[in-house]
Amino acid sequence: MDSGKVVQRRKPDFPVVGPRATDRSQNLQEVGAKNLDLTKVLRLLEDPLTANLTERHLFVLKKLLKRSQIGFLLRELTGVAKILNICAEKVKDHPEYVPVLCEALEICRLPFLKEKSSDELNYARDVVEFISHMGCLMRVSDADVRRQVVESVKSFYCSVAPKQLLDGTVSATKTKPGTLRSCRFSRLSLRLQPTSPGYRLQLLELSDLAQTLLLSTAMLENQPVVKLQLLKTLQMLSASSDRNCALMLNARGAETICLHMNEPDPSGQVLFRSSEILWNLLERGSMDKVTAQLSSMECVVSLKEAFLHQLMNGCSHADFQLRNDLLVITTLIAENPSCQLIESLFAKQLLVFATFPELKTPNPLVRNLNLSYNNDDLKLKKLLLNLLVSMSKDFAALQLYREEQVMLALLTLAKPPAAAPEHPPGLRHWSSVQQDELQLQALATLAAIAPLMLDEYMSCQGNARLLFLLDCCIGQDSYFGQGHSFHGDGDRGSKKAQMRHCIRVLRAVTSSGDESVNQDLCDQGTINQLMGILMQMEASPDEDDEVTLEIKSDTQLILSALCETDMHRKELFGSDGVEMAVHFLRKGSDKFFSGLGHNRLVLSTVDCVWSCIVGCYTTEDYFLAKEGVFLLLDLLVSSPRCVHSIVLTTLLELCDNPNTLSHILSWRDDGDRTAPGLLLQLWRREEEELGVRRNKHGGLTDPQRPLLSFYQQDSQRLFPSNIPSAAVLEISENLRSKIFSIFCKLGFQDLPGLSAKDYVTLSIVRRYLDFKVCEVWDEISRELISDGVRPVSPDEEALRSIAKVAGDTAARVMAEQISFLEQQEKEIVSEEERMYKEIKSHWKQQELTAKSWDSYVSRTSNYEILKEVKAQRKKYIDSSRPRPKDGDAAVHPAEHFIGQVVAVETTDDQGPAGVKMTLARAPIKDKADPSTRDPEYFSTVSVKD
């Protein structure tokens, strides 16, 4: 039969239109088949009978990987991890498994697949374990496997779903189209979905992959390409998650990276990647752990080698940046007390670079050092100056500073441009802007180092140099700041930044309390110079900004440090200083909470009064004449509570001057309140803050604990013998002791402007010392009881007597307070009665006036009533005339006489009896008969109801 005519019948390949069973049953069958396939593979690899069938293993594994070409299922990850671990173990003897591992790791770059939305949550633990097993594959010595592991981890950060899952198609090279298998595979791919993009990254943080990859860096010395890829991956891991940084630090990641960053590197990127990882660990991890790991001798030596290599051989911008980054890391390490910078000689080398080129040195380190004086070199110089501040916390570094003449180099940098030496033409040097920034950085460094090296500071004439710079800052010349640095706030186009940091250095050295430094400043006229600067800045029309306010407050603090303990310097402060202090006190505390520094200025002004004025009678009297006490009391009214302590202390010190008391007693505020009333109000407010128990009138409620505050009740613990107890500490922590001391100066009697409530409070203030002594004795008794110590009988009797006296004193005070309140109640009642009488009299007078007016109107409008009133008035007049008792009285009218002195004689008797006068009498006759006078002229109005 002709083959061309032979027709062979075979079952046609009908496309599957729909499933023969329900979708659920088909899915279960497919799942069971896949689980069965994975189980068979594991059995084939683990069964002792088939463990050596390498070819069979490879055939089955390739089929398994071919089936998972679009990614691994979440539910299969546990089995896949076991298969990969078995293959990794077999690689040692059979390198044929390497391609299988590489292909499996390449599939791991794809997102994991889920069949249901809940798979991501249900199989999260399996994903975490699978990612951890991926990191463990770094133990395989083959470079391709390690590279695939690293690339798979990197793919987590740029994960993209395969195209088959995006459009529902399968590559034709994998399966033949039109077959039943291809149709099923297509339907399977349509049912599968990739996990969310951030799913693996979230679970990666829960695994120990970062820690495992970090530990594997020690095994890559002979594989530089893989090592570089691994460092890139670790950089990505450390930059993306704080948890990854914590895991790496737990594995001593900073130390590991630092120790391996100087290994041979053909690409030249290992050091760069290592420094980036260290930066990420510093920023996102624990800085204390990083600095502690990098402070070992080995790490410091590694950093030194890396820094010196970049410093001497760097030529590009990236090299300069890497050099500066390494120096910043070194600076952070220097803040650790256990750092080995000095022992490794790295610190000495850094000091040589810090003083270059200001000081000429034959050190071979700087002989071949060529600075280009660009911005990167400027940053290097500023970082070296900043390193000096960090290292100064170690006293061993100060000796190195002396040997390398650091103080001289800093003072040389701090010179103004006019005093700086001119550079020869053609020689590279710092520009004016760079010089300005270095000057500010040097001044900031001096503020931290100069108080620690006062001998070197004085030997280099530090005071004279700084005062000269200060003169240049306030002088009318062409010296203007041009820097843009961190320390140049408020500078641009002015000299305010230089003045600010110069004042800071002077404040730092004067605050140290060294008498030779302070005396040298006073000998050079610093007091008058600083007061002139203050008044010149006050006369400036510019508004106060943060920098200006800081300069003013720091200047006042310098004056306080100079004049506090020396009477002659207070005299030098004199009337000009008093005028300055009074000027700032008049500004008040309205801007205290402005946030610009007015609060510091208020406090420094009061401190200046205390240190520079109080104690010298001439300046005190001038201060009183300028109403300084009034200004302090006004400040006490308007300022917040944090200022009250220093103001009250200053007033208390001024009370030693007898002229102060009259000023305090004559003060009145806007509400006509007196100083004693203000102090008592502050007392009540202070006790309210302390939680002291008082009644509504401010009187005692607990006679056993008249002064006990809430904080003392809350902490009734016992203190060691070398620590003051709560009752003693309380004296310095509130205002009550200061207010009591001021009243001891003013007295407790005849105080003006006090109310009954003030007298109630005053009775407590008066007994404050007695109550406080009894409170201390009560603490002693409780300590003895707590220690189980029984005092001897006389001491026990004395303690009981003290407790009884305390109770009696409190009872007397309470009785006194009750009497004050009763007296006040009586005065209130008396005042009310007087007011009621006045009101009643007023209304009675109004009624009489109204009746008189009505009577007058009736008399003038009705003639009959007028005649009746006139008749009645005549009757009253007749009845009021006296009737003569005898005839002579009717004939002779009564005569009146007036005496006139005729003669005066004196005798030997004392007093009035020794004077005799002779009088002459003359009768006075009326010009008109009384009977002819108008009776209405002498009559009074009488109105009948």
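Residues numbered from 1 in each chain as written. Predicted model: local features only at pLDDT ≥ 70, side-chain atom pairs only at ≥ 80, totals over all residues. Heavy atoms only, no water.

Check the secondary structure of the chain and you find 46 helices and 4 strands. Across the 945 residues of the chain, 44% fall into the buried class. Across the chain, the fraction of contacts at a sequence separation of at least 24, relative to all contacts at a separation of at least 6, is 75%. Element-wise, carbon and sulfur atoms account for 54% of the exposed surface of the chain, whose accessible area totals about 51,700 Å². (Helix = DSSP H or I, 4+ residues; strand = E, 2+ residues; numbered from the N terminus. Buried < 20%, exposed > 50% of the residue type's maximum accessible area, 1.4 Å probe, protein only. Contact = heavy atoms within 4.5 Å. Areas by Shrake-Rupley, 256 points an atom, 1.4 Å probe, with all protein chains shown as cover.)

One finds Phe307 and Tyr401 to be the most contacted residues of the largest nonpolar core, which totals 219 residues. Leave out the neighbours within four places in its chain, and Phe307 touches Arg323, Leu326, Leu327, Phe346, Leu350, Phe353 and Leu380. (Core = buried A, V, L, I, M, F, W, Y, C linked by side-chain atoms within 4.5 Å.)

Turning next to the pattern of salt bridges. By the definition in use, this model includes 45 salt bridges. With a shortest N-O distance of 3.3 Å, Glu838 and Arg834 are connected by a salt bridge. Taken as a pair, Glu838 and Arg834 lie in helix α43 (residues 793-861) at a separation of 4 residues, close to a single helical turn. The class for Arg834 is partly exposed, based on a relative accessible area of 44%. Several salt bridges converge on common partners, so that one network encompasses Glu687, Arg694, Glu730, Arg736, Lys772 and Glu775. (Salt bridge = Lys/Arg side-chain N within 4 Å of Asp/Glu carboxyl O.)

Attention shifts here to helix α18 (residues 317-334). For α18, built from 18 residues, the straight-helix expectation of 26 Å at 1.5 Å per residue is met to within 8% by its first-to-last C-alpha distance of 26 Å. If you check which residues of α18 are buried, you get Phe320, Leu322, Arg323, Asn324, Leu326, Leu327, Ile329, Thr330, Thr331, Leu332, Ile333 and Ala334. (Expected span 1.5 Å × (residues − 1).)

The description of two packed helices rests on the angle between their axes and on the distance between the axes. Running from N to C, helix α27 (residues 496-511) and helix α28 (residues 515-523) cross one another at 130 degrees; their axes reach a closest spacing of 8 Å. Between α27 and α28, the angle is such that the two are oblique. Two secondary-structure elements touch here, α27 through Leu506, Val509 and Thr510 and α28 through Val517, Asn518 and Leu521. When the residues that make up the contact of α27 with α28 are grouped by side-chain class, the tally is 4 nonpolar, 2 polar and no charged. (Axes fitted to C-alpha atoms, helices over the stretch in contact; angles between N-to-C directions. Parallel < 35°, antiparallel > 145°, perpendicular 65-115°, else oblique. Nonpolar A, V, L, I, M, F, W, Y, C, P; charged D, E, K, R; others polar.)

This part takes up the packing of aromatic side chains. Enumeration according to the criterion identifies 11 aromatic pairs in this entry. Between Tyr373 and Trp430 the ring centres are 4.7 Å apart and the planes differ by 80 degrees, which places this aromatic pair in the edge-to-face class. A residue pair is termed long-range when its members are at least 10 positions apart, and Tyr373 in the loop between α20 (364-367) and α21 (375-391) and Trp430 in the loop between α23 (406-413) and α24 (432-449) qualify at 57 residues. Judged by relative accessible area, which is 16%, Tyr373 ranks as buried. By the ring-pair criterion, three or more aromatic residues cluster together here, those being Phe72, Phe112 and Phe130. Seen from the ring of Phe112, Arg200 lies directly overhead, with NZ or CZ sitting 5.4 Å from the centre. (Phe/Tyr/Trp six-rings, centres within 6.5 Å; stacked < 30°, edge-to-face > 60°. Lys NZ or Arg CZ within 6 Å of the ring centre and 35° of its normal.)

This part is about the packing of helix α7 (residues 143-155) against helix α12 (residues 224-240). Where α7 contacts α12, the axes come no closer than 10 Å and their chain directions differ by 20 degrees. Here α7 is positioned roughly parallel relative to α12, judged by the angle of their axes. Crossing hand, α7 versus α12: left-handed. For the pair formed by α7 and α12, the contact residues are Ala143, Arg146, Arg147, Val150, Glu151, Val153 and Lys154 on the first element and Val226, Gln229, Leu230, Thr233, Met236 and Leu237 on the second. Broken down by class, the residue content of the contact of α7 with α12 amounts to 7 nonpolar, 2 polar and 4 charged. (Left-handed = near helix turned anticlockwise from the far one by under 90°.)

Right, let's talk about the state of the cysteines for a bit. Overall, the coordinates contain 0 disulfides when judged by the stated rule. Just so you know, Cys502 is unpaired, no disulfide at all, and the nearest cysteine sulfur is the one on Cys473, 6.2 Å from it. (Disulfide = S-S within 2.5 Å.)

Right, let's talk about α23 for a bit. With 6 of 8 residues buried, α23 lies mostly within the body of the structure. In this structure, the buried side of α23 is in contact with α19 (346-354), α21, α22 (395-403), α24, α25 (454-459) and α26 (462-474).

Averaged over all residues, the pLDDT of the chain is 82; the fraction at 70 or higher stands at 82%. Here residues 166-189 is a poorly scored stretch, pLDDT under 50, and it has 28 contacts once near neighbours within four places are set aside; other chains count. (pLDDT = per-residue confidence, 0-100.)

A cluster of nonpolar side chains, namely Leu769, Val773, Trp777 and Ile780, defines an oily patch on the protein surface of about 320 Å² accessible area. Within the secondary structure, Val773 is located in helix α42 (residues 768-786). (Patch = residues over 30% accessible without salt bridge, like charges linked within 9 Å, V, L, I, M, F, W, Y side chains within 5 Å.)

With that settled, consider the side chain of Thr291. Here Thr291 shows up in helix α16 (residues 287-294). Residue classification places Thr291 among the buried residues on the basis of a relative accessible area of 8%. Residues in contact with Thr291, not counting those within four places in the same chain, are Leu332, Ile333 and Asn336.

Time to look at unusual backbone geometry. Cis peptide bonds are those with omega within 30 degrees of zero, and the linkage from Phe356 to Pro357 qualifies with 5 degrees. Residue position: Pro357 is located in the loop between α19 and α20. Despite not being glycine, Gln405 has its phi angle at roughly 55 degrees, a positive value. Even without a glycine there, the phi angle at Asp672 is positive, about 60 degrees.

With that settled, consider the environment of Gln536. One can find Gln536 in helix α29 (residues 526-539). Assessed through its relative accessible area of 39%, Gln536 is described here as partly exposed. Along the primary structure Gln536 and Ile474 are separated by 62 residues, whereas in three dimensions their C-alpha atoms are 8.9 Å apart.

This paragraph deals with the side chain of Ser604. If you trace the backbone, Ser604 turns up in helix α32 (residues 598-612). Here Ser604 falls in the buried class, since its relative accessible area comes to 2%. A polar atom in the side chain of Ser604 sits 2.9 Å from the backbone oxygen of Leu601. In this structure, Ser604 is in contact with Ser553, Gln556 and Leu557, ignoring residues within four places of it in sequence. (Polar contact = N/O pair within 3.5 Å; in protein donor to acceptor, adjacent residues only side chain to side chain.)

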